[in-house]
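Below, each chain spelled out in residue letters.
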Amino acid sequence: MSREPGLFGRTVKSRSLSGFVMTERAYPARYATPVHAHECPLFCVVLDGSYQEIHGGRTHECTASTVLFHAAHEEHLERFGGSGGRSLIVELAPTWYNRVREVAPPGVATSACDGGSLRAAGARLYREFLSGDDASQLIIEGILLEISGEFLRLRRSREARPPHWLENARDYIRSNFSQRITLENVGKAANVHPVYVAQTFRRFHDCTIGDYLRRTRLEFACRELTAGETPLAEIAQRAGFSDASHFHRTFKREIGISPSQYRSQSR
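Note that this is a predicted model, so its numbers are computed, not measured.

Draft legend 1. Spotlight on the pairing of strand β6 (residues 76-92). Here β6 lies mainly inside the structure; 12 of its 17 residues are buried. Both strand β2 (residues 20-27) and β6 contribute to a ladder of eight bridges, which runs antiparallel. By the bridge assignment, M22 is partnered in β6 with V90.

What follows is the structure in structure tokens.
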């Protein structure tokens with residue numbers, strides 16, 4: 001396969017305009033790219049065929065109704081199906097993309113969208129890419145701004161409510177709090193990249209995964225201290241603390257009194 005820097009597949013047609021480079025690319029059946037990232041942010045309009053887009057531990061099934069945005073320097077890979085595929089890639093110059101960031105400081109997040117207004121915008125973008133007349137530069141820029149706005153709206157909508165997998169991450173922590181838990185473990189339970197899990201968990205829970213784990217262990221310890229006469233060392237072990245002294249220090253720092261004082265006062 002011929003390859004340009006940061007892009008895979010075969011070039012069908014390419015246009016270089018002020019602020020962006022547009023390339024139609026074709027991919028053979030069963031083609032798989034290695035993990036890679038792009039120097040510049042880009043949009044991808046899937047023209048035909050199908051493939052899996054894998055980013056941040058998530059897999060998106062891309063078809064001719066899909067439009068994607070890739071932020072710069074974010075790793076991902078593609079796996080094409082039996083019919084291969086064809087896409088329109090629009091690489092955005094930093095100067096052009098910074099105009100979007102002026103009105104939306106966080107910028108557009110790497111994401112994919114199927115159907116709706118983005119599908120129609122993608123089809124218009126491809127038509128203008130093929131036409132190449134004097135007005136196409138202005139029209140293409142307007143369509144790209146429209147697409148950017150739709151992705152910003154999509155991002156705000158997604159950030160307004162927790163993703164469905166966050167409950168899986170939380171359940172995993174609560175079911176395994178007495179064990180050694182790592183970000184990789186939580187990421188596997190949620191089927192999401194561990195870094196993305198950590199960022200999203202903090203945004204919706206106002207604490208880190210480590211804070212949540214400690215809180216869950218202390219909640220268990222408080223219930224045990226109230227329920228009976230189980231030795232403190234046993235409670236510490238069952239709660240997941242390394243030893244009784246660690247349990248005592250953590251409990252007093254977070255609750256304000258020692259475990260034995262808590263047991264006494266709870267009665």
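From this point, the discussion proceeds with the structure in view.
Draft legend 2. The packing of helix α5 (residues 183-190) against helix α6 (residues 194-205), seen in detail. Across the interface, α5 lies against α6 with an axial gap of 8 Å and an inter-helix angle of 90 degrees. Regarding the angle of α5 to α6, the classification is roughly perpendicular. Of α6, the residues touching α5 (which contributes L183, E184, V186, G187 and A190) are P194, V197 and A198. Here the contact of α5 with α6 is composed, by residue class, of six nonpolar, one polar and one charged.

Draft legend 3. Just empty space enclosed by the protein, in detail. Considering all chains together, one arrives at one cavity of 30 Å³ or more under this definition. Computed from the structure, the largest cavity encloses a volume of approximately 160 Å³. Lining the largest cavity are 17 residues, and of these Y27, H36, H38, E78 and I89 sit closest to its centre. Looking at the lining of the largest cavity, the elements with two or more residues in it are β2, β3 (42-55) and β6. Broken down by element, the residue count for the lining of the largest cavity peaks at five residues, all from β6. Grouping the amino acids of the lining of the largest cavity by side-chain chemistry returns eight nonpolar, seven polar and two charged.

Draft legend 4. Just the layout of surface pockets, in detail. For the second largest pocket, the calculated volume is near 190 Å³. Along the walls of the second largest pocket sit G210, L213, R214, R217, G240, F241, S242, H246, T250 and R253, which together make up its complete lining. Residue contributions to the lining of the second largest pocket peak at four residues, all from helix α7 (residues 209-227).

Draft legend 5. Region of the structure containing the environment of Q52. Topologically, Q52 is positioned in strand β3. Sequence-wise, Q52 and G81 are 29 residues apart; in three dimensions their C-alpha atoms are separated by 8.0 Å. Sequence-distant contacts of Q52, defined by excluding residues within four places in its chain, comprise T59, H60, E61, L77, E78 and R79. Among the polar contacts listed, one links the side chain of Q52 to the side chain of E61, at a separation of 2.9 Å.

Draft legend 6. Examining the nonpolar core more closely. Residues L125 and F151 are the most contacted members of the largest nonpolar core, which totals 29 residues. Contributions of two or more residues to this core are made by β2, β3, β5 (66-70), β6, α1 (94-103), α2 (116-131) and α3 (136-159). If near-sequence neighbours (up to four positions away) are discounted, F151 is found in contact with F43, V67, L68, F69, V108, S111, A112, C113 and L118.

Draft legend 7. Here's a closer look at α2. Under the 1.5 Å per step criterion, the end-to-end length of α2 is 24 Å for 16 residues, consistent within 8% with the ideal 22 Å. All of the buried residues along α2 are L118, A121, G122, L125, Y126, E128 and F129. Down the axis, α2 shows its buried residues gathered within 165 degrees of arc, on one side only. Opposite its buried face, α2 presents the exposed residues G116 and R127, each directed more than 90 degrees away.

Draft legend 8. Representation of the environment of A64 in the model. Looking at the secondary structure, you find A64 in the loop between β4 (58-62) and β5. Note: C-alpha distance between A64 and A169 (105 residues apart in sequence) is 32 Å. Dropping the residues within four chain positions of it, A64 is found in contact with V46, L47, D48, G49 and R119.

Draft legend 9. Just α6, in detail. Taking 1.5 Å as the rise per residue, α6 with 12 residues should run 16 Å; its terminal C-alpha atoms sit 16 Å apart, in good agreement. One or two positions beyond α6, positive phi appears at D206, with a value near 55 degrees.

Draft legend 10. Just the packing of α7 against helix α9 (residues 244-255), in detail. One way to put it is that α7 packs onto α9 with a least axis distance of 11 Å and a crossing angle of 95 degrees. In this view, α7 runs roughly perpendicular relative to α9, as classed from their interaxial angle. For the pair α7 and α9, the contacting residues are R214, L218, A221, C222 and L225 in the first and F247, T250, F251, R253 and E254 in the second. In terms of residue class, the contact of α7 with α9 is built from six nonpolar, one polar and three charged.

Cut-offs used in this document
Residues numbered from 1 in each chain as written. Predicted model: local features only at pLDDT ≥ 70, side-chain atom pairs only at ≥ 80, totals over all residues. Heavy atoms only, no water. Buried < 20%, exposed > 50% of the residue type's maximum accessible area, 1.4 Å probe, protein only. Helix = DSSP H or I, 4+ residues; strand = E, 2+ residues; numbered from the N terminus. Pairing = 2+ DSSP bridges. Axes fitted to C-alpha atoms, helices over the stretch in contact; angles between N-to-C directions. Parallel < 35°, antiparallel > 145°, perpendicular 65-115°, else oblique. Contact = heavy atoms within 4.5 Å. Nonpolar A, V, L, I, M, F, W, Y, C, P; charged D, E, K, R; others polar. 1 Å grid on protein atoms, 1.4 Å probe; cavity = no way out; pocket = protein on both sides within 12 Å on 5 of 7 lines; lining within 4 Å. Points joined across faces, edges and corners; volume = space filled by probe spheres on them. Polar contact = N/O pair within 3.5 Å; in protein donor to acceptor, adjacent residues only side chain to side chain. Core = buried A, V, L, I, M, F, W, Y, C linked by side-chain atoms within 4.5 Å. Expected span 1.5 Å × (residues − 1). Arc of directions from axis to C-beta.

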